[in-house]
Amino acid sequence: MNKNLIKWRSIIIGVIIVLALYLISSLLSGTNTLLTEFLLSAIIVGFMVGGEMKDGAINGLIFGVIGGVIATLIMLVFYLIQGYGAYLSYIAYSMVLSLVLEIVLGCIGG
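1. A look at helix α2 (residues 34-49)
For α2, which comprises 16 residues, the first-to-last C-alpha distance of 22 Å matches the rise-based estimate of 22 Å (1.5 Å per residue) to within 8%. Residues of α2 that are buried sit in contact with α1 (8-28), α3 (53-82) and α4 (88-109). Immediately beyond the C-terminal end of α2, within one or two residues, lies Gly50, with a positive phi of roughly 70°.

Spelled out as structure tokens, the structure:
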């Protein structure tokens, strides 16, 4: 197995890009455009990795997992700040579904 299969630099840059876009879009417009931002950032990660499609998909998957978990935690904090703490059990299903979609989009975009 190739030791240089995972390009951490491109994954970290992708996570920074998606978090910056998410914070800017949610604070400025108030809408959740996270899935679009994940697809865009995953495409960027895939281009930065280069090589075969398999390499881009693996790095995109890792990016999706790391970025998805961080974005879901930020979304959870935003819900708690906005006063939805009592409704988190109802919102948890949509947050898990959003996390799964972010991971899938990371793999597809990569």
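Alright, that's what it looks like, and here's the rest.
2. Describing the packing of α3 against α4
Two measures define how a pair of helices packs: the angle their axes make with one another and the distance between the axes. Contact pair α3 / α4: the axes reach a minimum separation of 7 Å and the direction vectors enclose 155°. Classified by the interaxial angle, the pair formed by α3 and α4 is roughly antiparallel. As α3 runs across α4, the sense of the crossing is right-handed. Of the residues that constitute the contact of α3 with α4, the class distribution is 16 nonpolar, 6 polar and 1 charged.

3. Side note on the confidence of the model for the protein chain
Confidence in the prediction for the protein chain averages 85 pLDDT; 97% of positions are at 70 or higher. No element of the protein chain has a lower mean pLDDT than α4, at 86, and none a higher one than α1, at 88.

4. What about the nonpolar core?
Counting residues in hydrophobic clusters, the biggest one holds 16 residues, and the most contacted among them are Val18, Leu19, Leu34, Phe38, Phe63, Ala71 and Met75. Contributions of two or more residues to this core are made by α1, α2, α3 and α4. Once residues within four sequence positions are removed from consideration, Leu34 is found in contact with Tyr22, Ala71, Met75 and Glu102.

5. Some words on the packing of aromatic side chains
Summed over all chains, the structure comprises 3 aromatic pairs. Between Tyr22 and Phe78, the ring centres sit 6.2 Å apart and the planes meet at 40°, which makes this aromatic pair tilted. Of this pair, Tyr22 sits in helix α1 while Phe78 is found in helix α3, placing the two residues 56 residues apart along the sequence. The class for Phe78 is partly exposed, based on a relative accessible area of 23%. Measuring from ring centre to ring centre gives 5.9 Å for Tyr79 and Tyr84, while their planes differ by 85°; the resulting arrangement is edge-to-face.

Quick notes on the rules
Residues numbered from 1 in each chain as written. Predicted model: local features only at pLDDT ≥ 70, side-chain atom pairs only at ≥ 80, totals over all residues. Heavy atoms only, no water. Helix = DSSP H or I, 4+ residues; strand = E, 2+ residues; numbered from the N terminus. Expected span 1.5 Å × (residues − 1). Contact = heavy atoms within 4.5 Å. Axes fitted to C-alpha atoms, helices over the stretch in contact; angles between N-to-C directions. Parallel < 35°, antiparallel > 145°, perpendicular 65-115°, else oblique. Left-handed = near helix turned anticlockwise from the far one by under 90°. Nonpolar A, V, L, I, M, F, W, Y, C, P; charged D, E, K, R; others polar. pLDDT = per-residue confidence, 0-100. Core = buried A, V, L, I, M, F, W, Y, C linked by side-chain atoms within 4.5 Å. Buried < 20%, exposed > 50% of the residue type's maximum accessible area, 1.4 Å probe, protein only. Phe/Tyr/Trp six-rings, centres within 6.5 Å; stacked < 30°, edge-to-face > 60°.

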